[in-house]
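Structure assessment
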Amino acid sequence: MRRNWRMITIVGLLVCASGIARAQSSPSGQGSQSQPAPQPGDKSKTPEITPLTLDAPAPVSADEDAAYKAFHDISSVDAKKKIEVGEAFLQKYPQSRYKSPVYVGLTFGYLEIGQVPKMMEYGEKELALAPNDVTTLAILGQTLPRTLHGNPPDAAQVLSKAEKYSKQAIEIAPTLPKPADLTDEQFEKAKNQSLAMAHSGLGLVFVRRGKYVEAIPELEQAVKIDPTPDPVNYYLLGLANKNASHFDDAVAAFNHCVAMPSTMQATCKSAADEAKKLGSTQLSSPK
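Residues numbered from 1 in each chain as written. Predicted model: local features only at pLDDT ≥ 70, side-chain atom pairs only at ≥ 80, totals over all residues. Heavy atoms only, no water.

1. Notes on the pattern of salt bridges
On inspection of all chains with the given rule, the structure shows 11 salt bridges. The salt bridge involving Lys-161 is made with Glu-124; its shortest N-O contact spans 3.2 Å. Placement of Lys-161 in helix H6 (residues 155–172) and of Glu-124 in helix H4 (residues 116–129) is noted, with a sequence separation of 37 residues between them. Here the residues in one salt-bridge network are Glu-87, Lys-118, Glu-121 and Lys-125, joined through shared partners. (Salt bridge = Lys/Arg side-chain N within 4 Å of Asp/Glu carboxyl O. Helix = DSSP H or I, 4+ residues; strand = E, 2+ residues; numbered from the N terminus.)

Next comes the structure, spelled out in structure tokens:
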């Protein structure tokens, strides 16, 4: 699986071949003391994601079906090709009933190649059409706070938007009905993947606001339910605990990150050593 999305963290998000994205079927219905976040170049996981939504599939337009199928059949691993064909499809069929799943594919594609503004553009277009798309809500909720560098003028606005998207995903996910084509295990995994991203995004919003105590339960939930654990979330959980003066918990979280193969290992090892040193010289705060 390719891992080439470079920004503060790399979180490639791969659309599964079988999912509940709208119209992804044939016409017959088949188929402070805060440390900085990881810097550009750091790599994380590339989990498989099954898009989840309450919105009904779009009706199929026969004259566009072949063109959409060509787009749909391109592997998400080939992000540049997916983007090229998707953009061409929308140009040729601007009013297509397939707009929603094409928007989803382009959101994933632009995320994969690190073009965050284009990812946001198509993600927000998708949410305008399908406001209950839990996966897109979760992706935007997690990605926005991870792409903030320093303290830009629009930081408060970006964090507010990320908070909104993350909370919406967390609220909607438990109400999702299980699609007939997914097993209970597949559905639970897909739902937990989206929920983990949403809790991660909300946790990082709190970290960036200096609300470390509020961040801890969100990040704990993210690492608990994530079917493909993200070392970045363990780093952030360690960071929140360290700044809340929960030094033993901080060391434990950083050590989880160290134990996971990624470019975060050195950062987490240094952070664990620092938290351990602080715990030996300062009093820990009660939980």
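After that view of the structure, there is still more to cover.
2. Overview of the side chain of Thr-135
By the secondary structure assignment, Thr-135 is in helix H5 (residues 134–146). A polar side-chain atom of Thr-135 sits 3.1 Å from a polar atom in the side chain of Ser-194. (Polar contact = N/O pair within 3.5 Å; in protein donor to acceptor, adjacent residues only side chain to side chain.)

3. Re the packing of helix H3 (residues 99–112) against H4
Running from N to C, H3 and H4 point in directions that differ by 155 degrees, and their axes come no closer than 8 Å. Comparing their axes, H4 and H3 come out roughly antiparallel. For the element pair H3 and H4, the recorded crossing hand is left-handed. Across from Lys-99, Ser-100, Tyr-103, Val-104, Leu-106, Thr-107, Tyr-110 and Leu-111 in H3, the residues of H4 making contact are Lys-118, Met-119, Tyr-122, Gly-123, Lys-125, Glu-126 and Leu-129. (Axes fitted to C-alpha atoms, helices over the stretch in contact; angles between N-to-C directions. Parallel < 35°, antiparallel > 145°, perpendicular 65-115°, else oblique. Left-handed = near helix turned anticlockwise from the far one by under 90°. Contact = heavy atoms within 4.5 Å.)

4. Regarding the packing of aromatic side chains
Under the definition given, this model contains 8 aromatic pairs. Between the aromatic rings of Tyr-68 and Phe-71, the centroid separation amounts to 6.1 Å while the plane-to-plane angle is 40 degrees, which identifies the pairing as tilted. Separated by 3 residues within a single helix, Tyr-68 and Phe-71 lie in helix H1 (residues 62–72), roughly one turn from each other. Judged by centre distance (5.9 Å) and plane angle (5 degrees), the rings of Tyr-110 and Tyr-122 are stacked. Of the two residues, Tyr-110 is situated in helix H3 and Tyr-122 in helix H4; the sequence distance between them amounts to 12 residues. In this structure an aromatic cluster arises from ring pairing among Tyr-68, Phe-71, Phe-89, Tyr-93 and Tyr-98. (Phe/Tyr/Trp six-rings, centres within 6.5 Å; stacked < 30°, edge-to-face > 60°.)

5. Quick look at the confidence of the model for the protein
Close inspection of predicted coordinates is inappropriate in any region flagged by low pLDDT. Confidence in the prediction of the protein, expressed as mean pLDDT, is 83, and 79% of residues score 70 or more. Below a pLDDT of 50 lies the segment residues 1–47, which in the model reaches 157 contacts outside its immediate sequence neighbourhood of four places, other chains included. (pLDDT = per-residue confidence, 0-100.)

6. Description of H6
Look at H6: 26 Å from first C-alpha to last across 18 residues, which is about the 26 Å you get at 1.5 Å a residue. Within H6 the residues assigned to the buried category are Ala-155, Val-158, Leu-159, Ala-162, Glu-163, Tyr-165, Ser-166, Ala-169 and Ile-172. Of the surrounding elements, those touching the buried residues of H6 are H4, H5 and helix H7 (184–208). (Expected span 1.5 Å × (residues − 1). Buried < 20%, exposed > 50% of the residue type's maximum accessible area, 1.4 Å probe, protein only.)

7. A word on the state of the cysteines
Going through the model one piece at a time under the given rule, you end up with 1 disulfide. The partner cysteine of Cys-257 in its disulfide is Cys-268, sulfur to sulfur 2.0 Å. Taking the sign of the S-S torsion, about 70 degrees here, the bridge from Cys-257 to Cys-268 comes out right-handed. In this pair, Cys-257 is assigned in helix H10 (residues 247–258) and Cys-268 in helix H11 (residues 265–281), connecting sequence segments 11 residues apart. With relative accessibility at 0%, the residue Cys-257 sits in the buried group. What makes Cys-268 buried here is its relative accessible area of 0%. (Disulfide = S-S within 2.5 Å.)

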